[in-house]
Amino acid sequence: MKIALTTLWLLVPLAFAAWHFGPGQDQLKLDDAQSLIAKADNALKEEDYASAIKNWEEAMSKLPKEEVTLGRRLELEIAKAKMLNSKLPEARDELVELMLVLDTDPDADPGLRDNTRAALANARYYMTYLMKLEGLPDAMWEPEIEAARQEYKLLAENASDRSLAKTSADDLEAVIRLARMDPAELYGLPIPNQ
């Protein structure tokens, strides 16, 4: 009996080592990613968008493959930070790609889908605003504003969060006003912020 207990006791470190070097590695990666996410959140509070983006991207590279939803949330946060960091066209393209992925995934988190759609609609709105401000022809900005209008309308009607639906309804009105505005009317107005 003594030999069996001693053998079992000696196997405990072996079992721990097997876990540590096997499935435990995913947990270590997740812990590293969580610390990077916390750094990014702090950088975002300090309005250091470049650092926030860098930390979120590094966190995404450390995430285990099973953390699909968290990875998508980080993609959304990166795109939103890029919008604030004067990289609007790049952020818009990334949001379009993320929205396509979320729309085709039946298991996607509805809240994440709604937040991504809202961010994409915002990006489209600001792109239209800048296009009109630059005096580009209607044929260039009309598809963008129409897409923003459709995104906001969809959110106003179907958002899982009622406050997001209300905000989207208000934003829908702003999109319609922007579409009707003459570019000369925009010159004296401050650029809208988020």
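Basis of the calculations
Residues numbered from 1 in each chain as written. Predicted model: local features only at pLDDT ≥ 70, side-chain atom pairs only at ≥ 80, totals over all residues. Heavy atoms only, no water. Core = buried A, V, L, I, M, F, W, Y, C linked by side-chain atoms within 4.5 Å. Buried < 20%, exposed > 50% of the residue type's maximum accessible area, 1.4 Å probe, protein only. Helix = DSSP H or I, 4+ residues; strand = E, 2+ residues; numbered from the N terminus. Phe/Tyr/Trp six-rings, centres within 6.5 Å; stacked < 30°, edge-to-face > 60°. Lys NZ or Arg CZ within 6 Å of the ring centre and 35° of its normal.

Draft legend 1. Focus on the nonpolar core. Among the nonpolar cores identified, the biggest contains 29 residues, and Met83, Leu95 and Tyr125 are the most heavily contacted of them. Broken down by secondary-structure element, the contributors of at least two residues to this core are α4 (68-84), α5 (88-104), α6 (110-133), α7 (138-158) and α8 (162-180). Counting residues per element, this core draws most heavily on α6, which supplies ten residues. Ala33, Ile37, Leu70 and Leu74 belong to the second largest nonpolar core, which has 15 residues in total.

Draft legend 2. Representation of the packing of aromatic side chains within the structure. Following the criterion strictly, the structure yields one aromatic pair and no others. Between Tyr125 and Tyr126, the ring centres sit 5.4 Å apart and the planes meet at 80°, which makes this aromatic pair edge-to-face. Assessed through its relative accessible area of 15%, Tyr125 is described here as buried. Judged by relative accessible area, Tyr126 falls into the buried class, the value being 14%. Lys132 extends its terminal NZ or CZ atom over the ring of Trp141, reaching a point 4.3 Å from the ring centre.

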